[in-house]
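Here's the letter readout for the chains.
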Amino acid sequence: SQANFEEDSQKQAAVGHWRTLMPSKGSKEEPETGCQDAGGVDETQSTEQLNVSRLRSSSVEIREKGSEFLKEELHKAQKELKLKDKECERLSKVREQLEQELEELTASLFEEAHKMVREANTKQAASEKQLREARGKIDMLQAEVTALKTLVITSTPSSPNRELHPQLQSPSKAVFRKGHGRNKSTSSAMVSAASQNVTPEPVSRECKEVDSILFAEFQAWKESPTLDKSCSFLDRIYREDVGPCLDFTKQELSELVRVAVEQNTLTIEPVASQILPVVKVSAEECGGPKKCALSGLPRTCKHRIMLGDSGNYYYISPSCRARITAVCNFFTYIRYIQQGLVRQDVELMYWEVMRLRREMSLAKLGFYPSEM
């Protein structure tokens, strides 16, 4: 632009120079004197200098204005660049936040999925365990039904079966006519429940009187039956019967037996029986046929017990079996009452509970039938 201005100024200077040499209108064409020619040259030179100075001042002014304009544009561009940088920074933060939220959501989804899978596996394992237990109970009940059918068939008027007619038995054997000949403690009172429809035991010669305190505790428990031993009814029986009856020499094993009886997971089987599906080849057999695992004494053990699904078997003597059986019969009967399976008068249920307590008392004192 400066070169253009200089070129224009040169052109304007040349034009002005020639205009000064041309004569004006009305002037004479006569040549002027030498003095006049010298004055005209000086005037022309001053005019050219004035024009050059004006052009220079105009060029400087235009240059300053252009510089100011460029500075303003640069300032605007810098402001816009700063705004763009801030916007980019904000968008970067938003992107990082979204990525973090996405990672957290993905992690939570995976964790929830794993949790659901674990719960499903746990439920499946529990269902399979319940199925196995149910099948074992079904097999046991079928065996008991078969045994009862055999007893019924073998009982005739000419030769009655004494197991079906307890009034024909001696009083000493009548008390223990329900020996624990079953495999699972869940069925330990099946004969007890069935005996309600059979001829009752010969207790007519005995004199009975209801204890008001015990009967009141049983009535209060019967209104809201529970297996919680904090109630007065079960608390008394635990202290007076269950605890002493399951108190053996081997304290640690005794505690495990008590818990298994309460949870209904105790299994009793004859030593010669190997047909149960829960028998394992690698099962640990504690004690032995000639030593009781609970008392630690040398005894002939005809039965063994297993606690839950542990697979560990413990040989027990007939006396220990009688004590465990008595407690199992009691717990099974009160479970039947809790489940509403016993349809009897409150007083009859009370006397049945007292009979079961008597069995526990005799067993803890060492009395048991010879067939055990």
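Residues numbered from 1 in each chain as written. Predicted model: local features only at pLDDT ≥ 70, side-chain atom pairs only at ≥ 80, totals over all residues. Heavy atoms only, no water.

- The name that an unreviewed UniProt entry assigns to the protein is R3GEF factor, with the source organism given as Pelecanoides urinatrix.
- According to the UniProt record, the Sequence similarities (unreviewed entry) comment for the protein reads "Belongs to the SEC2 family." (UniProt positions renumbered as here; feature names shortened; annotations may be inferred.)

**Thoughts on the confidence of the model for the protein**
- Averaged over all residues, the pLDDT of the protein is 77; the fraction at 70 or higher stands at 69%.
- Across residues 273–285, where pLDDT falls below 50, the model places 22 contacts with residues more than four positions away in sequence or in other chains. (pLDDT = per-residue confidence, 0-100. Contact = heavy atoms within 4.5 Å.)

**Looking at the pattern of salt bridges**
- Applying the stated criterion across every chain yields a total of 14 salt bridges.
- In this structure, Lys93 and Glu89 form a salt bridge, with 4.0 Å as the shortest nitrogen-oxygen distance. Here the residue Lys93 and the residue Glu89 both occupy positions in helix α2 (residues 34–153), the gap between them amounting to 4 residues, near one helical turn.
- The network of salt bridges with shared partners includes Glu217, Arg236, Glu240, Asp241, Arg357 and Lys364. (Salt bridge = Lys/Arg side-chain N within 4 Å of Asp/Glu carboxyl O. Helix = DSSP H or I, 4+ residues; strand = E, 2+ residues; numbered from the N terminus.)

**What to know about the nonpolar core**
- Membership of the largest hydrophobic core comes to 46 residues, with the highest contact counts inside it found for Val242, Leu266, Leu294, Ile305, Ile324 and Phe330.
- A per-element tally of this core places helix α8 (residues 318–338) first, with 11 residues.
- Filtering out sequence-adjacent residues up to four positions away, Phe330 remains in contact with Leu234, Ile237, Val242, Val353, Leu356 and Met360. (Core = buried A, V, L, I, M, F, W, Y, C linked by side-chain atoms within 4.5 Å. Buried < 20%, exposed > 50% of the residue type's maximum accessible area, 1.4 Å probe, protein only.)

**Let's talk about the packing of aromatic side chains**
- Summed over the entire model, instances satisfying the criterion amount to 8 aromatic pairs.
- Aromatic side chains Trp221 and Phe233 sit 5.1 Å apart centroid to centroid with 35° between the ring planes, which places their arrangement in the tilted category. With Trp221 in helix α5 (residues 212–223) and Phe233 in helix α6 (residues 232–245), this residue pair connects regions lying 12 residues apart in the sequence.
- Note on Trp221: relative accessible area 3%, which makes it buried.
- Residue Phe233 is classed as buried on the basis of its relative accessible area, which comes to 4%.
- With 5.4 Å between their ring centres and 65° between their planes, Tyr350 and Trp351 make a pair best called edge-to-face.
- Taking relative accessible area as the criterion, Trp351 reaches 21% and is therefore assigned partly exposed.
- Its guanidinium or amino end placed over the ring of Trp351, Lys208 lies 4.7 Å from that ring's centre, counting from NZ or CZ.
- One residue, Lys229, lies across the ring of Tyr238, its end atom 5.2 Å from the ring centre. (Phe/Tyr/Trp six-rings, centres within 6.5 Å; stacked < 30°, edge-to-face > 60°. Lys NZ or Arg CZ within 6 Å of the ring centre and 35° of its normal.)

**Here we look at the pairing of strand β1 (residues 266–270)**
- Among the 5 residues that make up β1, 4 are buried, leaving the element largely enclosed by the rest of the structure.
- Across 5 bridges, β1 lies against strand β3 (residues 303–307) in antiparallel orientation. Considered in β3, the bridge of Leu266 is made with Leu307. (Pairing = 2+ DSSP bridges.)

**Topic: the pairing of β3**
- Along β3, 5 of the 5 residues are buried, which leaves the element largely enclosed by surrounding structure.
- Along β3, one buried face is formed by His303, Ile305 and Leu307 and the opposite face, lined by Arg304 and Met306, is buried too.
- Direction of pairing for β3 relative to strand β4 (residues 313–316): antiparallel, over a ladder of 4 bridges. In the sheet register, Ile305 faces β4, and the bridge partner there is Tyr314.
- Following β3, the chain reverses through 5 residues before pairing antiparallel with β4; Gly308 in that reversal takes a positive phi of roughly 65°.

**Brief notes about the packing of α5 against α6**
- Between α5 and α6, the shortest axis-to-axis distance is 8 Å and the interhelical angle comes to 125°. Considering the angle they form, α5 stands oblique to α6. The residues of α6 that touch α5, namely those facing Ile213, Leu214, Glu217, Phe218 and Trp221, are Ser232, Phe233, Leu234 and Arg236. (Axes fitted to C-alpha atoms, helices over the stretch in contact; angles between N-to-C directions. Parallel < 35°, antiparallel > 145°, perpendicular 65-115°, else oblique.)

**Thoughts on helix α9 (residues 346–364)**
- Over its 19 residues, α9 runs 27 Å from end to end, which matches the ideal 27 Å to within 8%, given 1.5 Å per residue.
- Those residues of α9 that fall on the buried side of the exposure criterion are Met349, Tyr350, Glu352, Val353, Met354, Arg355, Leu356, Arg357, Glu359, Met360 and Ala363.
- Looking one or two residues past α9, Gly366 carries a phi angle of roughly 105°, positive in sign. (Expected span 1.5 Å × (residues − 1).)

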